[in-house]
Number of protein chains: 2
Amino acid sequence: MTLTASADRRAARRARRAQSPFAQIPFGRIQNHFAPFEVITPEQVEQLHEASMHILENIGIVFMDAEALSLWEQAGAQVDHASQNVRFDRGLILDLVAKAPAQFTWRARNPAREMTVGGDFLMFAPNGGVIFAQDLEGGRRPGTLEDYYNFLRLAQLCPVLHTTGDQLVVPHDVPVSFRHLHRSFGAWTLCDKVAMEAPHGRIIPADAIEMANIVFGADVATFDEPVLGGIINSSSPLRYDDRMLGGMITYGRAGQVLIITPFVLAGAMSPITIASAVAQQNAEALAGIAFVQLLRPGAPVIYGGFTSNIDMKSGAPAFGTPEGAWAMAIGAQLARRYNLPYRGSGSLNTSKAPDAQAAYETMWTTWPAVLAHTNFVMHAVGWLDGGLTVSYEKIIIDMENLAMFQTFLGGLAINEETLALDMIAAVPPGGHHFGTPHTQARYATEFHPTFLADRQNFELWQENGSLDTAQRANRIWKQLLEEYEAPPIDPAVEQALREFVERRERELAGVELYT
Amino acid sequence: MTLTASADRRAARRARRAQSPFAQIPFGRIQNHFAPFEVITPEQVEQLHEASMHILENIGIVFMDAEALSLWEQAGAQVDHASQNVRFDRGLILDLVAKAPAQFTWRARNPAREMTVGGDFLMFAPNGGVIFAQDLEGGRRPGTLEDYYNFLRLAQLCPVLHTTGDQLVVPHDVPVSFRHLHRSFGAWTLCDKVAMEAPHGRIIPADAIEMANIVFGADVATFDEPVLGGIINSSSPLRYDDRMLGGMITYGRAGQVLIITPFVLAGAMSPITIASAVAQQNAEALAGIAFVQLLRPGAPVIYGGFTSNIDMKSGAPAFGTPEGAWAMAIGAQLARRYNLPYRGSGSLNTSKAPDAQAAYETMWTTWPAVLAHTNFVMHAVGWLDGGLTVSYEKIIIDMENLAMFQTFLGGLAINEETLALDMIAAVPPGGHHFGTPHTQARYATEFHPTFLADRQNFELWQENGSLDTAQRANRIWKQLLEEYEAPPIDPAVEQALREFVERRERELAGVELYT
């Protein structure tokens, strides 16, 4: 390649970037300075706390892992080995929970992308735990590695997604034993944001840590700050299974982020009343968080809430409901009660198409999540159909809304310049402000730069093909994938990651791994 | 008709009602006990207040009506007759504003439908000020009286709409001079909720009061409580036109509700910065409210905010924006500053179809409106295309969300029964709660009864025709119009209303009225 050709390519890239839907949307650490939205009173928070303490002291939580049981026994909990049930004094639990940091830094391979978790900070994570991929042309089909990598590319491009996520979709074309290797390889090479990999069992997270060691050129377990994280779900009611406990033990000892999230559908995995569901969620979350602190005091954890309700007509999970919104906000109140960062969710909905229901149920999840001061919003983009499916178009619809939240939370300045009383005096009653110097100086930058909403008049919209939101989103994700360029990475690191994947593929061939 | 036939019809009606989408949704006065969501600090509220006082004292507001100018002159304001500009001491304005009630009762012809306005109370009003009607089959076309009456029927049926609204759509098939008569006739006969009619000029509101007198069998101006209300828009910047002032004078003297709402698009009718736009909004609103108190001290008014921004790419109004959400919440803070009820908006959006954008922009308006403690949410259903169009399907989509807000604001009980610790103890770890007596006793009533969201699994949804939200909403509005029955009215009252309309049609034939 000649120097000129290279310069041409750089110029073309710059031009492409200037036209990107995201061109005017900054990447940054989002802070929420509004007072947290709260659904219950401090007294009610204490009622829930007391109920959770009752559950932990008198009913207990099952830990389906011999090492976990032995650790609890050494710590002084009452362990019943036959049932694997563990009961705890509240003092034991609360002392351990108090060791977890209220706020921590989560390092990324690109230092400019590192995140602060906790306090007033907010980060958005992409879709997770999904089976099917869907787009307008291809319809719904089992996800592939290509889909997985496309979602990583979109996450990298989008300035208001702050992590690679993990389990973006199941890559069905990769053998189960190798999937984590290819997920992580993509996360480290296609993205430079805060990285995630599923802490399932002991092998997957150990491999993920090895790969992080390669990227950071050091044993990341010796760092003060985590470089990797993942979601833990309790198997509600009242149970952590060996898959999750292996992950907790492996990441926990290495000081990597564990997002401890009971998955409670009221009426199925808990009593039907939301009060009971969140009391149970709280007991499960605290038991998990305390367990991580047993492994490594001060290890970074996030208190997770994922409580919604069952649709009692169909028995199917319901998302984006008033009850789910209560649970979301109450979870944040409980996390604050224990000085812990909080994980909620974003794009939850049960629609099968990227339509009005998908959008409004998503807003019924994201609004309460954001206003309640959620620190880590999981599934912030892409979900359809209760999380069975990720839609390319829905990803774009949700990205538009995340960008709007970033602007919204930025708030507005009130000062002499923004009050512009001289301009109000200068324009006569009934006149207009289009042409004033105050407007002209700001018209390109003052308002949030939407990239999906259509504000043409009806006639123009019709002339341009009467495209609905999903159809416009379809064009945008294709445009984004075209403009995508992988972030720079040391070729030696990339090569080492590749060799690690190849070696582990040989070693793990035929080994049954947790998905 | 035989008695048996009549009994059969009643039974059929009951059966139909039991299957109504709204069957499980109660009608009631909604209260919001959550702390108001606030965007700015109390100090910033004072900054805006000071800026508004500066505008009122030094720049002034134009009142384009001789009677209004003379009233202001008598009150001690500085009136410039040539320019029709009025400047006010802040003491004059604030003393007048202080006379307005913080809370009042708005009577309906059915006493069970009366509303409390102000405080923690919340009422939802339908679409207003709309030109076109739209549905999936018919597409967009100029509204007709049949559309108007259909929207009244839907408003009457929907338990979470609390007023008839007015100007639901322009009835293009009725001569301009008669439109208000047929709007009001429909509002009083097809609905029994709190009634509205546009206070435009002096003739329309006088006729509306006459019709209210017929309905209530008395001079409603002598009542302590209003029975009628309507929206006033300032012609921003800094101007009330004669159309609006005639309405203010006519309703104000009769003690009927005036919802004083500056319509400010930042960058067009005000400086581009939202701080300036809301300072101007506040000055205009206070001047209007003070004027009403000049006419009849203690007359019920609502402080209205309708501030959004211009899309600076197209010059078109933008709705459902982060900036509009700021303005919505700040308006509520300002209204509280003056102890006034607050009017915000609901379904604002710029989409041309009842799709994802329509839904998410609507949520970007309704969420901040509700959480900011808006008392009167105008346009709570139906808008598309910046309010040029009302969509039958969008009405249903929005009604679903209003019902969700009603449930959400109801909050949840936390007590021994709802905590159900005995049930948590009774179900083994990993078991399920479907069959417990606690669940069984509540499964039909515990969760919000959604009527539009589809929670079937993908395969069933596909088998059933892959209907998207708008297609399902299309079925629902048709079902609702079929089940509609007019609320009972004294036949003599209905006859008197009809005769009034006929008489006024003769008298107004050819008279040019404000629309």
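Residues numbered from 1 in each chain as written. Chains lettered and ligands numbered in written order. Predicted model: local features only at pLDDT ≥ 70, side-chain atom pairs only at ≥ 80, totals over all residues.

**Description of the overall build of chain A**
Turning to step 1, where the next piece is worked out: Counting secondary structure elements, chain A contains 18 helices and 20 strands.
Turning to step 2, where the next piece is worked out: The C-alpha radius of gyration of chain A comes to 24 Å, within 12% of the 24 Å expected for a compact globule of 515 residues.
Turning to step 3, where the next piece is worked out: Projecting the C-alpha coordinates of chain A onto the three principal axes gives extents of approximately 80 × 60 × 45 Å.
Turning to step 4, where the next piece is worked out: For chain A, with 515 residues in total, the buried portion stands at 59%.
Turning to step 5, where the next piece is worked out: Long-range pairs, those at least 24 residues apart, make up 75% of the contacts in chain A between residues at least 6 apart in sequence. (Helix = DSSP H or I, 4+ residues; strand = E, 2+ residues; numbered from the N terminus. Rg over C-alpha atoms; globule rule 2.2 N^0.38 Å. Buried ≥ 20, exposed ≤ 12 C-beta atoms within 10 Å, placed from the backbone. Contact = placed C-beta atoms within 7 Å.)

**A closer look at the packing of helix α8 (residues 242-253) of chain B against helix α9 (residues 274-295) of chain B**
All names here are of chain B.
Turning to step 1, where the next piece is worked out: Running from N to C, α8 and α9 point in directions that differ by 45 degrees, and their axes come no closer than 9 Å. The pairing of α8 with α9 is recorded here as oblique in orientation. The crossing of α8 and α9 is right-handed. Contacts from M248, I249, G252 and R253 of α8 reach α9 at G288, F291, V292 and L295. (Axes fitted to C-alpha atoms, helices over the stretch in contact; angles between N-to-C directions. Parallel < 35°, antiparallel > 145°, perpendicular 65-115°, else oblique. Left-handed = near helix turned anticlockwise from the far one by under 90°.)

**Some points on the sheet that holds strand β4 (residues 85-87) of chain B**
Residue and element names in this part refer to chain B.
Turning to step 1, where the next piece is worked out: A sheet is described by the order of its strands in space; here four strands give the open sequence β3-β4-β2-β12, paired in mixed fashion. With one partner strand each, in any of the chains shown, β3 (78-80) and β12 (239-240) form the two edges of the open sheet.
Turning to step 2, where the next piece is worked out: Summarising the sheet, β3 and β4 pair through three bridges and their orientation is antiparallel. Each residue of the ladder has a partner; that of Q78, found in β4, is R87. (Pairing = 2+ DSSP bridges.)

**Side note on the interface of chain B and chain A**
Turning to step 1, where the next piece is worked out: Facing the 101 residues of chain B at the interface are 101 residues of chain A.
Turning to step 2, where the next piece is worked out: When residues in the side of chain B that touches chain A are grouped by element, the largest group, 10 residues, is from helix α11 (residues 356-371) of chain B.
Turning to step 3, where the next piece is worked out: Residue composition of the side of chain B that touches chain A, grouped by class: 58 nonpolar, 29 polar and 14 charged. (Nonpolar A, V, L, I, M, F, W, Y, C, P; charged D, E, K, R; others polar.)

**What about the relation of the copies chain B and chain A?**
One chain copy maps onto the other through a rotation about an axis and a shift parallel to that axis.
Turning to step 1, where the next piece is worked out: With an RMSD of 0.0 Å, the fit of chain B onto chain A corresponds to turning through 180 degrees and sliding 0.0 Å along the axis. The operation mapping one copy onto its partner corresponds to a two-fold rotation axis. Of the C-alpha atoms belonging to chain B, the one lying closest to the rotation axis is found on A356 of chain B, 2.1 Å away.
Turning to step 2, where the next piece is worked out: Counting the interface residues of chain B, we find that 100% of their copies in chain A are interface residues as well, pointing to one common contact surface. (Least-squares fit on C-alpha atoms with pLDDT ≥ 70 in both.)

**Structural notes on the nonpolar core**
Turning to step 1, where the next piece is worked out: By size, the foremost hydrophobic cluster in this structure holds 333 residues, and its most contacted members are I289 of chain A together with I289 of chain B.
Turning to step 2, where the next piece is worked out: The contact partners of I289 of chain B, leaving out residues within four places of it in the chain, are V97, A100, I260, V301, Y303 and L340 of chain B. (Core = buried A, V, L, I, M, F, W, Y, C linked by C-beta atoms within 7 Å.)

**Examining helix α4 (residues 90-97) of chain B**
Residues and elements named next belong to chain B.
Turning to step 1, where the next piece is worked out: Listed as buried for α4 are I93, L96 and V97. The buried side chains of α4 occupy one side of the element, clustering within an arc of 100 degrees when seen end-on.
Turning to step 2, where the next piece is worked out: Those residues of α4 hidden inside the fold are in contact with α2 (42-59) and α9. (Arc of directions from axis to C-beta.)

**Points about helix α12 (residues 392-410) of chain B**
Residues spaced three or four apart along an α-helix face the same direction, because each turn holds 3.6 residues.
Turning to step 1, where the next piece is worked out: Between its first and last C-alpha, α12 of chain B extends 28 Å over 19 residues, near the 27 Å set by a 1.5 Å rise per residue.
Turning to step 2, where the next piece is worked out: One or two positions beyond α12 of chain B, positive phi appears at G411 of chain B, with a value near 70 degrees. (Expected span 1.5 Å × (residues − 1).)

**Comments concerning the packing of helix α11 (residues 356-371) of chain A against α11 of chain B**
Turning to step 1, where the next piece is worked out: Between α11 of chain A and α11 of chain B, the least distance of the axes is 8 Å, while the angle of their chain directions is 35 degrees. In the packing of α11 of chain A onto α11 of chain B, the handedness of the crossing is right-handed. Taken together, the residues of α11 of chain B that come into contact with α11 of chain A (itself represented by A356, A358, A359, Y360, M363, W367 and L371 of chain A) are A356, A358, A359, Y360, M363, W367 and L371 of chain B.
Turning to step 2, where the next piece is worked out: Residue composition of the contact of α11 of chain A with α11 of chain B, by class: 14 nonpolar, no polar and no charged.

**Structural notes on the sheet that holds strand β20 (residues 383-384) of chain B**
Residues and elements named next belong to chain B.
Turning to step 1, where the next piece is worked out: Judged by pairing direction, the sheet is mixed, and its four strands sit side by side in the order β9-β8-β21-β20 without closing on themselves. Of all strands in the sheet, those bounded by a partner on one side alone are β9 (139-142) and β20.
Turning to step 2, where the next piece is worked out: With three bridges connecting them, strand β8 (residues 132-135) and strand β21 (residues 389-391) associate as parallel partners. What sits directly across from A133, in β21, is V390.
Turning to step 3, where the next piece is worked out: Sitting on the sheet, α12 is in contact with β8, β20 and β21, with an inclination near 65 degrees to β21.

**What to know about unusual backbone geometry**
Turning to step 1, where the next piece is worked out: A cis amide bond, omega 0 degrees, links S236 of chain A with the succeeding residue P237 of chain A.
Turning to step 2, where the next piece is worked out: Relative to the helices and strands, P237 of chain A is located in the loop between β11 (228-234) and β12 (239-240).
Turning to step 3, where the next piece is worked out: The phi torsion at H379 of chain B lies on the positive side, around 55 degrees, for a residue other than glycine.
Turning to step 4, where the next piece is worked out: Its place among the elements puts H379 of chain B in the loop between β19 (376-378) and β20.
Turning to step 5, where the next piece is worked out: What makes H379 of chain B buried here is the crowd of 30 C-beta atoms within 10 Å.

**Re the environment of Q47 of chain B**
Turning to step 1, where the next piece is worked out: Positionally, Q47 of chain B belongs in helix α2.
Turning to step 2, where the next piece is worked out: On the neighbour-count criterion, Q47 of chain B (19 C-beta atoms within 10 Å) is partly exposed.

**Some remarks on the environment of L265 of chain A**
Residues and elements named next belong to chain A.
Turning to step 1, where the next piece is worked out: Residue placement: L265 occurs in strand β13 (residues 257-266).
Turning to step 2, where the next piece is worked out: Residue classification places L265 among the buried positions, given that 24 C-beta atoms sit within 10 Å.
Turning to step 3, where the next piece is worked out: A sequence separation of 29 residues divides L265 from S236, and the C-alpha atoms of the two residues are 8.8 Å apart.

**Considerations on the pairing of strand β9 (residues 139-142) of chain A**
All names here are of chain A.
Turning to step 1, where the next piece is worked out: Across four bridges, the pairing between strand β8 (residues 132-135) and β9 is antiparallel. Its bridge partner lying in β9, F132 is registered against P142.
Turning to step 2, where the next piece is worked out: Between the end of β8 and the start of β9, which pair antiparallel, lie three residues.

**A short note on the environment of E393 of chain B**
Residue and element names in this part refer to chain B.
Turning to step 1, where the next piece is worked out: Structurally, E393 can be placed in helix α12.
Turning to step 2, where the next piece is worked out: You can call E393 buried: it has 28 C-beta atoms within 10 Å.
Turning to step 3, where the next piece is worked out: Counting along the chain gives 39 residues from E393 to P354, while the straight-line C-alpha distance between them is 6.7 Å.
Turning to step 4, where the next piece is worked out: Apart from the residues lying within four places of it in its own chain, the contact partners of E393 are D135, L136, P354, A470, A473, N474 and W477.

**Notes on the confidence of the model for chain A**
Turning to step 1, where the next piece is worked out: Averaged over chain A, the pLDDT score is 96; the fraction of residues at 70 or greater is 99%.
Turning to step 2, where the next piece is worked out: Scored as a whole, the predicted complex attains pTM 0.97, and scored at its interfaces, ipTM 0.97. (pLDDT = per-residue confidence, 0-100.)

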